[in-house]
Each structure stands twice: as C-alpha cells, then as structure tokens.
Amino acid sequence: MSKAAASRGARAEDERGGPDHTVILAVALAVPAVKLAYTVGGHEAAWEVLIVMEPTNWPDILIGMVLASPALAAVLAVVSSRMVFAHFAARSVATGAVTTATGPAAVARGVALAAVNPLAVGILMAVFFGPWWGTATGLVAFALRQGVVAEYRLGRRTPDGALRRTPPGAPRTWRHRVTATQQWAALFLAVLALPFTAFASALDGTSWAPVVDCTVDTEDGSHPDRLIELTRRGNGVVGWSPAHHEAVNGTACTSAGTRVIRDPWYG
C-alpha cells in the first residue's frame, strides 16, 4: 500500500471517529439488552417488557443508565468529546478547530474552539451529578482535545488527519511524551473504561426507569405492588412487576424512593 493510500485510510478512520465510534456503537446496542434482561430476570421477561415499552423507546434504557451512573456518564462524555473533535479536525485542519498556524490569534481561536464542547459536557455533568463531576469531566475532555491539537503541532498527525509514528532515533521531547500519554489515556478510556463502566451499570440490579408503588387490580381484588414504570396511561402506569413477572396496570402510584430491583451481579 502506498503512503498516500495509507494516509487516506488513516484520515478516513479519524473522520469515522476511529476506534471510539466502534466501541460506542457496540455499547449502545449490547449494554441496554444486558441491562433489561438482568433487571427483569431473563430473556423471556426482557422480550415482554420490550414489547410493552415499544422498541422505539429502546434509547430510554441507555439514557436511564447514563443518568444513574456518574462514572459511565463521565467516561462517555469524554470519549464522545474527543471522538467528535478528531472527526472534524481530520476533515479540515486549515479551517477547523485545529490549525497549523502559530500566531497568537490562531492559537487563541483553537483553544477557544477546543474548549466549547468540554465546557458543555462539564455543565451537563454538574447539573446532573454535581460540580466536582462537572469540573473533572470538563477538564479531562479539554485535556484530551488539546492532545489532538498537540498531535498536529508535533507532526504525530499529518495535515490530512493521518496518524504517524515518530521515526526511530528522532529526538523525543517532553511534549512528545505528554502527547503519547494522552493517546494511551484516550485509548484506555474508549476501549477499557467505557465498556467496564457500562457493564457495571447494566449489572448493578437497579432499574433504568422510575420504580413506583401502585395499586394493581387482579381477579383476586386490589393489592399493592411495586412496578418498574414502562409507560404512562391515563391516571396510572403500565409497569413490570418483578414480584409476579408480568406487565400490569397500576393506579394511585407513588415513588418507591429507590430503583433497586435485585442484588448486583458482581456482589
């Protein structure tokens, strides 16, 4: 393969998001299924719940997991932030957030553009999980985005977005070592930390949806039951009863005050 073809291939990989997008897609598809099956107690129950809640609401499971796990939310935010930045940087270095110009105005513009998305994810994390989570997530996302900028400036990425190794014997400054460290950190977060936190959330035994205490009418009369809320209907809910392993209609529902359904798989 020629150098030009290899360069185009590496650039195309960046424009697709690199390995990050593959892991994120796999997590988005597989982990909600694991969450659903483990929480409700098996594949048959998961199938029934999915029919009741309708497949179009499948993203609600992933959203519920993210909102219930600050670690998962933080890792997903950092990985997505860097992936998006690398994608657009690979499309246009000259006019995008990464520029090879060295003037003060160009540097300030690059830093400002690189900080917009980390600031946004930091605010979201602060709103849902508190200021410490927001600050930490925003700073890590910004640091890894600046790592992409440093890769261009040090020549570890070519102007068309292709990654390349430092030639053997070439001088390695502290900037090269810092850049290499951020590359490994980004790879660790995408390939190891993201799947780990996602599966930990999927197997923690908590519901992705609100858990409510309702009155349920059966052939034997009315009785209280605790339900995983699947959808609202009129003045009640349609929910899954973990105790009776079936979908039922509940009325006069109030919050259960907890989302714990069963013990975590890992302990």
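**Focus: the overall build of the chain**
- Within the chain, the secondary structure is distributed over eight helices and four strands.
- For the chain, the succession of helices and strands along the chain, N to C, is α-α-α-α-α-α-α-α-β-β-β-β.
- Taken over 267 residues, the chain has a buried fraction of 41%.
- Contacts in the chain between residues at least 24 apart in sequence constitute 65% of all its contacts with a sequence separation of at least 6.

**What about the state of the cysteines?**
- Evaluated as defined, the whole model comprises one disulfide.
- The disulfide partner of C214 is C253, and the S-S distance across this bridge is 2.0 Å. When the S-S torsion is 115°, as for the bridge of C214 with C253, the disulfide is right-handed. Linking C214 in strand 1 (residues 211-218) with C253 in strand 4 (residues 246-255), this pair joins segments that are 39 residues apart in sequence.
- With relative accessibility at 2%, the residue C214 sits in the buried group.

**Brief notes about the pattern of salt bridges**
- The full count for this structure, using the stated rule, is three salt bridges.
- Across the salt bridge formed by E229 and R232, the nearest N and O atoms sit 3.0 Å from each other.
- Residue class for E229 comes out buried when judged on its relative accessible area of 14%.
- Assessed through its relative accessible area of 55%, R232 is described here as exposed.

**So, the sheet that holds strand 2 (residues 221-233)**
- Taken in spatial order, the four strands of this closed barrel run 1-2-3-4, and their pairing is antiparallel. Strand-to-strand twist across the sheet, computed as the mean angle between neighbouring axes with direction ignored, equals 65°.
- Both strand 1 and strand 2 contribute to a ladder of eight bridges, which runs antiparallel. When the bridges of strand 2 are listed, V211 appears paired with I228.
- Contacting strand 2, strand 3 (236-241) and strand 4, helix 3 (residues 43-53) runs over the sheet at an angle of about 165° to strand 3.

Definitions and cut-offs
Residues numbered from 1 in each chain as written. Predicted model: local features only at pLDDT ≥ 70, side-chain atom pairs only at ≥ 80, totals over all residues. Heavy atoms only, no water. Helix = DSSP H or I, 4+ residues; strand = E, 2+ residues; numbered from the N terminus. Buried < 20%, exposed > 50% of the residue type's maximum accessible area, 1.4 Å probe, protein only. Contact = heavy atoms within 4.5 Å. Disulfide = S-S within 2.5 Å. Salt bridge = Lys/Arg side-chain N within 4 Å of Asp/Glu carboxyl O. Pairing = 2+ DSSP bridges. Axes fitted to C-alpha atoms, helices over the stretch in contact; angles between N-to-C directions.

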